[in-house]
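Each chain, written out:
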Amino acid sequence: MDILIIGSGGREYSIGMALKKDEKVGKLYFSTGNGATDTLGENIDITDANLLADFCEEKNIGLTIVGPEAPLVAGVVDIFKERGLVIFGPSASASRLEGSKSFMKNFLASYHIPTAKFIETTSIEDAYKFINTLEAPIVVKADGLCAGKGVIIAQSHDEAKIAVADMLSGNSFGDAGRRVVVEEFLDGYELSVFAICDGKDYIVLPAAQDHKRLLSGDIGPNTGGMGAYAPTPLINDELYKKIDERVVIPTLEGMAKEGHPFSGVLFMGIMVVKGEPIVLEYNVRFGDPECEEIMPLLKSSAFELFYRSATGTLKDIQIEFYDKFAVGVVLASKDYPYKNSIPAEIIIDDIVHDDINSNAHISFAGVSRGEDGKLYATGGRVMVCVGLGTSIKEARDRAYMMVGQVHFAGKQCRNDIAYQALS
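A quick note: this is a predicted structure, and the numbers were derived from the prediction, not measured.

Attention now moves to the sheet that holds strand β18 (residues 325-332). The antiparallel open sheet is built from five strands, whose spatial order is β12-β15-β18-β24-β21. Of all the strands in the sheet, just β12 (209-210) and β21 (360-364) have a single pairing partner and so form its edges. Here β18 pairs with strand β24 (residues 381-389) via eight bridges, running antiparallel. Pairing of Phe325 across the sheet is with Gly389, part of β24. Most of the contacts of helix α13 (residues 392-403) go to β24, to which it runs at about 140°, and overall it touches β15 (227-230), β18, β21 and β24.

So this is what it looks like as C-alpha cells:
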C-alpha cells in the first residue's frame, strides 16, 4: 500500500523510517517533506488539503498520516474522510484539544480529569485578579497554536501580569494569544505519554521525557524540544494504570459523548505530583522529538498501528516494543530559537564503527538539498541523532557518538539529554 505522510520534520522522517521496514508498505510520499525525505520516498509540493485529496485519489494512496498539528486543526482529516479516504489523525473538532487551550481546560474540568487550577479569559482584569490568588511561579498560556512556544512560566506576579498583557494585546503571539489560560504551577516531574486511539479503543506507548530548554542544565529559553529519551524509568505499572483510568478512558468517553470521537495520537503532557498524574496539556499528534525515539522502539508493524487506528479496528491488535532504550539529541542551527540562521553545508563522516552503524541513526528535520546535491542546515532544529541500547546510558552514549560524526557551521546541542534518568 502506498502512503502519504503530511509534514516536513524529524517526526515525519522517523515515521517514514518505521514504515519502510514493513513489507506491506509500497511507495511513500511526503507533503512537503524535507531535503532528506527524498531518500525514503517522493516529496510532493502540495499543501492544500483538497489538492492533497485529489492526489491521493489519483495515485490510489491507501493511507495518509498527518504529522503536525496545524493541518489537523485546519480540518484536513474531515476533508479526506468526506471523500472516503483513509487518514490517520483526529477531526478538526477533536483537534481543539490542542488547538484551543481554553477548550482543553474546560473539557478537563467537565469530565473531572485532574489538572491545575486555572482561569481562561480575554479580560486582563480577571486574569490579574486570578494571578493575585496564586503563589509564584505562575503559568501563562496563549490559547491558540504557537508551535510549542506559547507557554510562559512567570517567576513573579508582575512577570505573569506582563505576560498576560503582552498576549492579550497581540504583541506576543498574535491572534493565538487573544485569549489566555492562567494556571497554578505544579511542582513535580513531567512525562510525555502517547495513546494511539481509534475513537473508542487505544494503545498506550512507552512514556518519554523531553528537554524543552535550549541549554544544558535546563536553562535558556523554551524550544520545540532539544532531545528526549524513552522509555523513562520514572513511570511504573501503577502510574500507567492511573493514567489509563483517570485520563485516557474519561477523555475518550468524554470526547465521544461531546460528539467529537478521538482518533489518532492523544499526547498527554503529564505532571507527576507526589505519585499522582495531573494533565498539563493535550496535543493531538506525536511530540517532536519524542516520536524520533518511540518509532525505533516499535517491534510490531507501524503500518498496522496507524492503519487500524484510522479504520477503527485497534481492539484486537497486539503491539510489541523492543526491550531497549532510545535517546535522541537535537542538533540545532546557530541562532535557534531566536532567528533564522544562514544555510550551512552538512558534512557527515563516514561511519566505520559497527556499534554506531547498528545502533544509531539520524532523523533529518530542518534540512534542504542544494542544486549541488548536498544537504544544508536550513531550519531551526536540523536533525535528531538517535542512539539505541539495552540501558539509557548505552543509548545516550551512542547518540552522542553519532552527534560527533555530524558537522555544520553553528551546530549547537545540549550535552545532558536523559540526565533525569541517569542522575
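Now, onward.
In spatial order, the strands read β3-β2-β1-β4-β5; together these five strands make up an open sheet with parallel pairing. This sheet does not close on itself; its edge strands, each paired only once, are β3 (42-43) and β5 (87-88). Bridge analysis of strand β1 (residues 3-7) against strand β4 (residues 63-66) gives four bridges, and the strand direction is parallel. Along β4, the bridge assignment pairs Ile5 with Ile65. Against the sheet, helix α1 (residues 10-20) engages β1, β2 (28-32) and β4, with an angle of about 165° to β1.

The next subject is the side chain of Lys242. Relative to the elements of secondary structure, Lys242 occurs in helix α9 (residues 237-257). Dropping the residues within four chain positions of it, Lys242 is found in contact with Val247, Gly275, Glu276 and Pro277.

Glancing now at the pattern of salt bridges. One side chain can pair with another of opposite charge once the charged atoms of both are near each other. As enumerated under the stated definition, the model contains 24 salt bridges in all. Glu12 is the salt-bridge partner of Arg11, the closest N and O atoms lying 2.7 Å from each other. The shortest N-O distance in the salt bridge between Glu69 and Arg285 comes to 3.3 Å. Within this pair, whereas Glu69 is found in helix α3 (residues 69-74), its partner Arg285 is found in the loop between β17 (276-283) and α10 (290-294), the two being separated by 216 residues in sequence. Here the two residues Glu69 and Arg285 agree in accessibility, since each one is buried.

Criteria and cut-off values
- Here the residue numbers are simple positions, counted from 1 along each chain's written sequence.
- Under the rules for a predicted model, residues below a pLDDT of 70 receive no local features and side-chain atom pairs below 80 are neither given nor counted, while totals for whole chains, interfaces and linings still include all residues.
- Only hydrogens and water are set aside; all other atoms, that is, all heavy atoms of the structure, feed into the side-chain values.
- Strands are treated as partners if at least two bridges between them are detected by DSSP.
- A run of DSSP states H or I qualifies as a helix once it reaches four residues; a run of E qualifies as a strand once it reaches two. Both are numbered from the N-terminal end.
- By definition in these notes, contact holds between two residues if any of their heavy atoms fall within 4.5 Å.
- Every axis in this analysis is a line fitted to C-alpha atoms, fitted for helices over the stretch in contact. Angles between the N-to-C directions lie between 0 and 180 degrees.
- A carboxyl oxygen of Asp or Glu within 4 Å of a side-chain nitrogen of Lys or Arg is what we treat as a salt bridge.
- Whether a residue is buried, partly exposed or exposed follows from its accessible area with a 1.4 Å probe, protein chains only, as a fraction of its type maximum: under 20%, in between, or over 50%, in that order.

Read these as spatial facts, not as claims about activity.
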